[in-house]
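What follows is the residue order along each chain.
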Amino acid sequence: MTVTPATPATPATPATPATPAERVAEHLNRALHDLMDAHPDLHLLGEDITDPYGGAFKITKGLSSRFGDRVRSTPLSESAIVGAGAGLALAGGQAIVEIMFADFAALAFDQLLNFAAKSVSMYGRPVPVPLVVRCPSGGHRGYGPTHSQSPQKHFIGVPGLAVLELSPFHDARALLDHALATRRPSVLFEDKVLYTRRMFHHGVVDELFRFEPPAGPAGVARVHLDGVEEYDCTIIAPGGLAHRAVEAMRTLLMEHEVLCELLVPARLYPFDLDGLPPRGRHVCVAEDGTAGGTWGAEVAARLYPGLWGRLTRPITLVSAADSIIPAAPHLEREVLVDAPAIVRAVLGAAA
Amino acid sequence: MNAMVAAEAVPRVAPPADDDLDRLLLIRHFESALLRLFGEGLISGTTHTCLGQEYVPVALEPLLRPDDHTLSNHRGHGHFLARHPGEAGGLLAEIMGREGALCHGVGGSQHVYHRTFLSTGVQGESLPVAAGIALRLRAAGDGRLVCVYIGDGTLGEGSVYEALNMAALWDLPLLVVVENNGIAQSTPTARQLAGTVAGRAAAFGVPYRRVESTDPAEIRAALAAPVAAVRETPFPLIVEFITHRLGPHSKGDDTRGPEELAAARAHDWYGRYAEAIPERFAAADALWRRRVADLVAEVSARPLARWEAS
Ligand SMILES: Cc1ncc(C[n+]2csc(CCOP(=O)(O)OP(=O)(O)O)c2C)c(N)n1
């Protein structure tokens, strides 16, 4: 592996910011407060989302106390609450619906696939449906097979439905605002493990890596080494994987002298790189979903035409095992994506 | 229909049968141990205890045949232990991810399939599956039934009604046990359930029984004939237990106030039996506390569960 001139171990300023950034959960909660405040026509529906409980992951804390019955705890009725969200949107309002665990978004799939996503166009004229369905996703918490999935891939490829993912690089308020402003439905996946992590700010990831914020609210953030223009590998990963990807990049750099950059899109589908060409000679797409019929395959298919002839080897796909997710932590670890899995994939492709 | 098991303001406490007391205490100490283990970080993930509701499956147990099917939910440890008290170690190993686990540690607390017992963590999913199993049992014609447990909150799910409709249309031997503990996670029943459970049963022409008693013998006396009819006719039956959740929904997530919690505790069989049969209770309580402690020690020392991904 070649190491390009700059010495990444001693990055230039900026110095570490004095105040730590907000935790992702606080950031998202504040975004929802701001949105509800800014849009009197915005409604929030979800199971157990009102105070004092404030949602299973506390993301909606304080909202019902402040905004009254625009925020409603609902019965256990995933299909109906997503349908009701579409109805609110159709009738001139806007809606954000929380599904307690992304796994249960499957119960609302008909409302998303056959109604919300279709209604924007199936009546022969554009019909606005400003609806966002928030789905806490992902494993690493030992919750077992029906409470740990990252089902993003099941929602991609639906005409009229955007698939978004929360990221520590993207402003949640701007992302939600943008999603509603498209006047089309979207599903927002939020890795549960991200909630307790901190947002990245001031362009600093850590003492090694810097980042450029996305150009637009749903755009692509780029994590890079200061002054480095050419990379051995470009990793593309959704926000939930960001910390693991950065950890892998650190190992690859320090232990293997492999230079990586990371691209984190907030919009997984429809996918585009927002005018940021990968600068790596190799591309690795990582995701938390299971192998087979993946988001990564879609990304690769989109990238190949533009990168053909420039890549030194095929695009590498990293995903969780083609398996259910076991409850026992030691078994769960075997099937989910961790930083070493990304390291192995990048090194393996280079071998 | 609408028969109601007598509920006195101050319930007379009948001494429990040995078997019942044993099962009740096994479940209570098993789940108390789980909460402790979570507190100590020795179990991860999540757990939902049935503290206060143990008597429901214990009361139903003698009304069920060993080859009846039981479908359970997230709050299923009591449902399992009432059926298979001798396999508490397998359940604990499942929850702790240890060797001897009922499902190799893959399913964990909420996803157990063992003999004719099956649980799943997605609310409402079980009723259609139960209807399918019941259809098969009906075809076999040997009097077996399917007992499916759901909470009041789960009555929000549409699949519950799709399944009830089929069960009534197809004369299925399906016993639906609604454990109405007045709350779903954090949402009081009054804020998530319109109308009544009885009204919903009536809408499908399905017989309904409401149980307020916490006394196993009394409950059995009221339910023996209707449950027998589920097998013999066959036809579905909905039994609603008015019950109380003593603990948090899962762990440390109880937002109920002190009065509400005190009201729930007032219905607890544990304190009542301790008062009514002090010596016998203390001896049994100590016995099961020790047995469960031994079980926890034994299972904790086992190697981790092994599972070959298929
Ligand atoms: C389809 C689905 N939606 C939401 C949940 C999350 N959840 C688990 S238990 C529960 C409350 C269930 O309430 P109830 O049916 O009354 O049973 P209880 O917990 O009171 O025993 C919720 C919302 C789930 N497991 N499945």
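Cut-offs and rules
- Residues numbered from 1 in each chain as written.
- Chains lettered and ligands numbered in written order.
- Predicted model: local features only at pLDDT ≥ 70, side-chain atom pairs only at ≥ 80, totals over all residues.
- Heavy atoms only, no water.
- Helix = DSSP H or I, 4+ residues; strand = E, 2+ residues; numbered from the N terminus.
- Rg over C-alpha atoms; globule rule 2.2 N^0.38 Å.
- Buried < 20%, exposed > 50% of the residue type's maximum accessible area, 1.4 Å probe, protein only.
- Contact = heavy atoms within 4.5 Å.
- Areas by Shrake-Rupley, 256 points an atom, 1.4 Å probe, with all protein chains shown as cover.
- Lys, Arg positive; Asp, Glu negative; His and termini not counted.
- Charge placed at Lys NZ, Arg CZ, Asp CG, Glu CD.
- Expected span 1.5 Å × (residues − 1).
- Pairing = 2+ DSSP bridges.
- Axes fitted to C-alpha atoms, helices over the stretch in contact; angles between N-to-C directions.
- Salt bridge = Lys/Arg side-chain N within 4 Å of Asp/Glu carboxyl O.
- Core = buried A, V, L, I, M, F, W, Y, C linked by side-chain atoms within 4.5 Å.
- Domains from an automatic or database assignment.
- Near = heavy atom within 4 Å.
- Polar contact = N/O pair within 3.5 Å; in protein donor to acceptor, adjacent residues only side chain to side chain.
- pLDDT = per-residue confidence, 0-100.
- UniProt positions renumbered as here; feature names shortened; annotations may be inferred.
- Buried area = accessible area lost by both parts, 1.4 Å probe.
- Nonpolar A, V, L, I, M, F, W, Y, C, P; charged D, E, K, R; others polar.
- Disulfide = S-S within 2.5 Å.

Student: Talk me through the overall build of chain B; I want residue IDs and the actual numbers.
Tutor: A count of helical and extended segments in chain B gives 11 helices and 10 strands. Here chain B has a C-alpha radius of gyration of 19 Å; the compact-globule value for 310 residues is 19 Å, and the two agree. Along the longest, intermediate and shortest principal axes, the C-alpha atoms of chain B span 55 × 50 × 35 Å. For chain B, with 310 residues in total, the buried portion stands at 59%. Considering only contacts in chain B between residues 6 or more positions apart, those separated by 24 or more positions represent 76%. When the accessible surface of chain B is summed, it comes to about 12300 Å², and 56% of that surface belongs to carbon and sulfur atoms. Separation between the mean location of the 29 positive side-chain charges and that of the 37 negative ones in chain B comes to 1 Å.

Student: Report on helix α11 (residues 278-300) of chain B, specifying residues and quantitative values.
Tutor: Residue and element names in this part refer to chain B. Between its first and last C-alpha, α11 extends 32 Å over 23 residues, near the 33 Å set by a 1.5 Å rise per residue. Every buried residue belonging to α11 is among Phe281, Ala284, Asp285, Trp288, Val292, Leu295, Val296 and Val299, and all of these are buried. The secondary structure elements touched by the buried residues of α11 are α1 (18-39), α4 (88-96) and α10 (269-276).

Student: Tell me what's going on with the sheet that holds strand β1 (residues 42-46) of chain A, and back it up with residues and numbers.
Tutor: All names here are of chain A. With mixed pairing, 7 strands are arranged side by side in an open sheet as β2-β1-β3-β4-β6-β5-β11. In this open sheet, the two strands that pair with only one neighbour each are β2 (71-73) and β11 (267-269). Each strand axis lies, on average, 20° off the axis of its neighbour in the sheet, ignoring direction. Inspection of the sheet shows strand β4 (residues 131-137) paired to strand β6 (residues 186-191) by 6 bridges, in the parallel sense. Its bridge partner being in β6, Val133 is matched across the sheet by Val187.

Student: Any chance you could break down the pattern of salt bridges for me, citing the residues and the numbers?
Tutor: Going through the model one piece at a time under the given rule, you end up with 35 salt bridges over all chains. A salt bridge links Glu261 of chain A to Arg222 of chain A; the nearest nitrogen and oxygen atoms lie 2.8 Å apart. Here the residue Glu261 of chain A occupies a position in strand β10 (residues 260-265), and Arg222 of chain A occupies one in strand β8 (residues 220-225), the gap between them amounting to 39 residues. Residue Glu87 of chain B pairs with Arg115 of chain B through a salt bridge whose shortest N-O separation is 2.9 Å. Note that Glu87 of chain B is positioned in the loop between α3 (77-83) and α4 and Arg115 of chain B in the loop between β3 (113-114) and β4 (117-119), a separation of 28 residues in sequence. Put simply, Glu212, Arg222, Glu229, Glu261 and Arg279 of chain A are held in one network by salt bridges that share partners.

Student: Residue-level account of the nonpolar core, with values.
Tutor: Proteins that are soluble and globular tend to have nonpolar side chains buried together. Among the nonpolar cores identified, the biggest contains 81 residues, and Ile236 and Leu303 of chain A are the most heavily contacted of them. Of all the elements, helix α1 (residues 24-38) of chain A adds the most residues to this core, at 7 residues. When residues of this core are sorted by domain, at least three fall in each of domain 1 (2-7 + 202-350) and domain 2 (24-196) of chain A. Those residues in contact with Leu303 of chain A that sit more than four places away from it in its chain are Ile236, Phe271, Leu273, Val283 and Ile315 of chain A. The next biggest cluster of nonpolar side chains, apart from the first, holds 56 residues, and it includes Phe80, Leu145, Val230 and Leu237 of chain B.

Student: Tell me about the site of the ligand, residues and numbers included.
Tutor: Residues in contact with the ligand amount to 21 residues; listed here are only the nearest, Glu78 of chain A together with His74, Arg75, Gly153 and Thr154 of chain B. Nearby residues place the ligand at the junction of chains A and B. At a separation of 2.5 Å, a nitrogen atom of the ligand approaches a polar side-chain atom of Glu78 of chain A. Gly153 of chain B places a polar main-chain atom, nitrogen or oxygen, 2.7 Å from an oxygen atom of the ligand. Relative to its unbound accessible surface of 580 Å², the ligand loses 98% to contact with the protein.

Student: Give me the confidence of the model for chain B: which residues, what numbers.
Tutor: Residues and elements named next belong to chain B. When pLDDT is averaged along chain B, the result is 95, and 96% of the positions lie at 70 or above. The low-confidence segment residues 1-8 (pLDDT under 50) makes 20 contacts with residues lying over four places distant or belonging to another chain. Complex prediction metrics read pTM 0.95 and ipTM 0.94.

Student: So what's going on with the UniProt feature "domain: Transketolase-like pyrimidine-binding" (unreviewed entry) in chain A? Residues and values would help.
Tutor: According to UniProt, the "domain: Transketolase-like pyrimidine-binding" (unreviewed entry) feature falls on residues 22-197 of chain A. End C-alpha to end C-alpha, residues 22-197 of chain A measures 8 Å, and it is 31% helix and 17% strand.

Student: Please give an account of the interface of chain B and chain A that cites residues and values.
Tutor: Contacts between the two partners involve 30 residues from chain B and, on the opposite side, 30 residues from chain A. Summed over both partners, the interface of chain B with chain A comes to about 2300 Å²; 58% of that surface belongs to carbon and sulfur atoms. In terms of surface lost to chain A, no three residues of chain B exceed Glu157, Gln185 and Trp307 of chain B, which account for 22% of the buried area on that side. Between the two partners, chain B and chain A, sit 0 salt bridges. One can count 11 residue pairs in polar contact (both at pLDDT 80 or more) joining chain B with chain A. Here the side of chain B that touches chain A is composed, by residue class, of 6 nonpolar, 21 polar and 3 charged.

Student: I'd love a proper account of the sheet that holds strand β9 (residues 231-236) of chain A, names of residues and values included.
Tutor: All names here are of chain A. Spatial ordering of the open sheet is given by β7-β8-β10-β9-β12-β13, a layout of 6 strands whose pairing is mixed. The open sheet terminates on both sides in strands that have one partner only, identified here as β7 (209-212) and β13 (316-320). Put simply, the sheet's adjacent strands are angled 20° from each other on average, direction ignored. In terms of strand pairing, β9 meets β10 through 4 bridges, oriented parallel. In the sheet register, Thr234 faces β10, and the bridge partner there is Glu261. Relative to strand β12 (residues 280-290), helix α7 (residues 295-307) is tilted by about 160°, and along the sheet it contacts β9, β10, β12 and β13.

Student: So, the domain arrangement of chain A: which residues are in play, and what are the values?
Tutor: Residue and element names in this part refer to chain A. In terms of domains, chain A is made up of domain 1 (2-7 + 202-350) and domain 2 (24-196). Just the C-alpha atoms count here: the centres of domain 1 and domain 2 sit 26 Å apart. Summing both sides of the interface, domain 1 and domain 2 together bury roughly 2500 Å²; the carbon and sulfur share of this comes to 66%. Interface area lost by domain 1 to domain 2 is led by Pro217, Tyr269 and Ile325, which between them contribute 23%. Viewed at the interface, domain 2 and domain 1 are joined by 1 salt bridge. The salt bridge partner of Arg244 is Asp191, with a shortest N-O separation of 3.5 Å.

Student: Please provide a residue-by-residue account of the state of the cysteines, values included.
Tutor: A complete count under the given rule lists 0 disulfides over all chains for this structure. Distance from the sulfur of Cys260 of chain A, which forms no disulfide, to the nearest cysteine sulfur (Cys233 of chain A) is 4.7 Å. Cysteine Cys147 of chain B remains unbridged, with the sulfur of Cys50 of chain B as its closest cysteine sulfur at 14 Å.

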